[in-house]
Amino acid sequence: MKNKTAIIIGGSKGIGSTICKQFLKNGYIVINGSRTQPKINHENFHTFKLDVKNEKNFISFYKNVKKISKKIDVLVNNVGLSEWKSLEKISSNFIYKIYETNVFYIFWSCKHALNLFNQNASIINISSIAGKRGSKNNSAYSSSKFAVNGITQSLAKELGKRSIRVNAICPVLIKTKGLVDALEKKDSPAFKIGVNRFLNDFKKINSATGKLPTEKDVADLVMYLSSDTNKSITGQCINLDSGVFPQ
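Residues numbered from 1 in each chain as written. Predicted model: local features only at pLDDT ≥ 70, side-chain atom pairs only at ≥ 80, totals over all residues. Heavy atoms only, no water.

Helix length check: helix 6 (residues 195–206), at 12 residues, gives a terminal C-alpha distance of 16 Å against a target of 16 Å (1.5 Å per residue), a fit within 8%. Where helix 6 is concerned, the buried positions are V195, F198, L199 and F202. Angularly, the buried residues of helix 6 cover 95° about the axis, an arc narrow enough to put them on a single face. Of the residues in helix 6, the exposed ones pointing more than 90 degrees away from the buried face are R197, K204 and I205. On its buried face, helix 6 is in contact with helix 5 (177–183). (Helix = DSSP H or I, 4+ residues; strand = E, 2+ residues; numbered from the N terminus. Expected span 1.5 Å × (residues − 1). Buried < 20%, exposed > 50% of the residue type's maximum accessible area, 1.4 Å probe, protein only. Arc of directions from axis to C-beta. Contact = heavy atoms within 4.5 Å.)

Let us now look at the pattern of salt bridges. Working definition: two side chains of opposite charge can pair if their charged atoms are close together. Overall, the coordinates contain nine salt bridges when judged by the stated rule. We note a salt bridge from K216 to D220, for which the minimum N-O separation is 2.9 Å. Placement of both K216 and D220 in helix 7 (residues 215–226) is noted, with a separation of four residues, approximately one turn of the helix. Classification of D220 by relative accessible area gives partly exposed; the value is 31%. (Salt bridge = Lys/Arg side-chain N within 4 Å of Asp/Glu carboxyl O.)

As for its placement among the helices and strands, S82 is situated in the loop between strand 4 (72–77) and helix 3 (92–113). Residue classification places S82 among the buried positions, given a relative accessible area of 19%. Leave out the neighbours within four places in its chain, and S82 touches Y141 and A182.

Attention now goes to the environment of T5. Within the secondary structure, T5 sits in strand 1 (residues 5–9). When the C-alpha positions of T5 and K216 are compared, they lie 20 Å apart, and in sequence the two are 211 residues distant. Not counting residues up to four positions away in its chain, the partners in contact with T5 are Y28, I29, I31, S69, K71, I72, D73 and V74. Separated by 2.9 Å, the side chains of T5 and S69 make a polar contact. (Polar contact = N/O pair within 3.5 Å; in protein donor to acceptor, adjacent residues only side chain to side chain.)

Printed below as a string of structure tokens:
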């Protein structure tokens, strides 16, 4: 059987790297686009430098993709920037930086992949539980993830007749370097008490299971949503949150 192909936008570290490894483990050809070089060495892994802030870069990226695989089966949009900031400190530059990183690129990524998809393909956007509910000092990031969820639902309706499923995964706090960096800044909920204490307190108070999800949990859900087993789930923004926000 011919290998399927998965495109990961933002697969160089953290959740994205774990997703890449999971697809490789399952026999996929994996093509990554990111600013930094992933530490993955595998015969079926290919990576190209990609700055997602410019649509033209996606045109070049997908030209390179076609040199490796004429068709793709999965597209995972995983780029994201988190930063808490109170309303009075928010500037137009900050808003643009958040939306440019979290929202705009999804349009370019999907748009320029559109004619490469195989039948029964899958787009998965990595969103956040912040896209389901707001929180203090988080209006910029939260609203950007609400936008990701809206894009997901709209594209599911638009692309369904092309046999493309579109879903989003909305994890709660997963301890990646990006999250830790964000939590160490002044307006974050962890700034006064420290990252570890904040995460432990959050888990004890909010999690139904007494745990928080892991990077592998995200990768496992990506694998299911993109698999042939999933025939009917599309247009969904799925909480991966250990029961923090039941819906």
